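Spelled out from the first residue to the last, the chains are:
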Amino acid sequence: MSLGSNLRAQRKKRGLTLADLSEKVGLSRQTLSRYENGIIANIPPDNIERLARALETTPALLMGWQDDFNAYHPTRRIPILGRISAGLPLYAEEQVEGSVFTDLSSADEYFALRVKGDSMDAAHIFEGNILIVRKQDMVENGEIAVVMIGDNDATVKRFYCHDQTVTLMPQSTNPRHLPQIYDMAKTPVRVIGKVVKNEIAFE
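Below is a summary of the structure that appears in this document. (Residues numbered from 1 in each chain as written. Predicted model: local features only at pLDDT ≥ 70, side-chain atom pairs only at ≥ 80, totals over all residues. Heavy atoms only, no water.)

**A word on the sheet that holds strand S8 (residues 180–183)**
Two pairing modes exist for strands in a sheet, parallel and antiparallel, and in both the strands are linked by backbone hydrogen bonds. Taking strand neighbours across the sheet as the criterion, the nine strands line up as S2-S1-S3-S4-S9-S5-S6-S7-S8 in an open arrangement whose pairing is mixed. Edge positions in the sheet fall to strand S2 (96–102) and S8, since each has one partner strand and no second. On average, each strand axis in the sheet is tilted by 40° relative to the strand beside it, whichever way the strands run. As paired elements, strand S3 (residues 110–114) and strand S4 (residues 130–135) share five bridges and run antiparallel to each other. (Pairing = 2+ DSSP bridges. Helix = DSSP H or I, 4+ residues; strand = E, 2+ residues; numbered from the N terminus. Axes fitted to C-alpha atoms, helices over the stretch in contact; angles between N-to-C directions.)

Now the structure itself:
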């Protein structure tokens with residue numbers, strides 16, 4: 001079956017109309033109809049991933065590379081933290097605003113954060129998205145991390161550390177977001193975790 005046929009089959013299997021799917025993925029009904037009818041054959045990979053998540057399947061199944069027997073069924077429940085602050089334990093009750101299910105199966109510890117703002121939109125991390133974060137206190141230079149600066153709430157940026165200098169680099173189409181540079185001798189900077197997945201958020 002073609003990508004369009006698979007997309008239509010998965011949508012109908014879940015009882016969704018084109019309008020329902022449009023609302024979930026943020027694409028117009030006209031665009032989705034063109035996808036399903038093969039009018040647009042070269043679908044951007046980001047859109048394929050969005051559609052797969054919305055339909056609880058895999059990009060491989062939509063592309064026809066995987067049987068429906070192996071469809072994506074997320075099973076691991078991860079808490080969504082509304083915020084992270086220095087004065088509270090990571091999973092303090094007042095910080096947890098819900099949960100998300102993913103397919104992560106390792107024994108590592110994870111939490112999720114809902115994105116606020118546009119400081120990382122050039123990295124396809126948009127406001128309202130949910131980030132899955134593996135809890136760890138070190139990351140490699142250039143990796144996207146959740147970082148605590150002093151006693152402030154945590155932020156999500158690309159992390160760089162050289163000697164005692166930490167640079168938190170935004171990736172934004174908004175020019176007001178500038179690199180944040182800290183001398184760790186003066187300002188404590190602590191890595192909370194590494195971003196491992198970027199989920200499209202659905203209400």
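**Let's talk about unusual backbone geometry**
Glycine aside, residues mostly have negative phi angles, and peptide bonds mostly take the trans form. At His 124, a position not held by glycine, the phi torsion is positive, near 65°. Counting through the fold element by element, His 124 comes out in the loop between S3 and S4.

**Let's talk about helix H4 (residues 45–54)**
Those residues of H4 that sit buried are Asn 47, Ile 48, Leu 51, Ala 52 and Ala 54. Buried residues in H4, looked at end-on, bunch into an arc of 165°, giving them a common side. Of the surrounding elements, those touching the buried residues of H4 are helix H1 (3–13), helix H2 (18–25), helix H3 (29–36) and helix H5 (59–63). Positive backbone phi, at 55°, marks Glu 56, one or two positions downstream of H4. (Buried < 20%, exposed > 50% of the residue type's maximum accessible area, 1.4 Å probe, protein only. Arc of directions from axis to C-beta. Contact = heavy atoms within 4.5 Å.)

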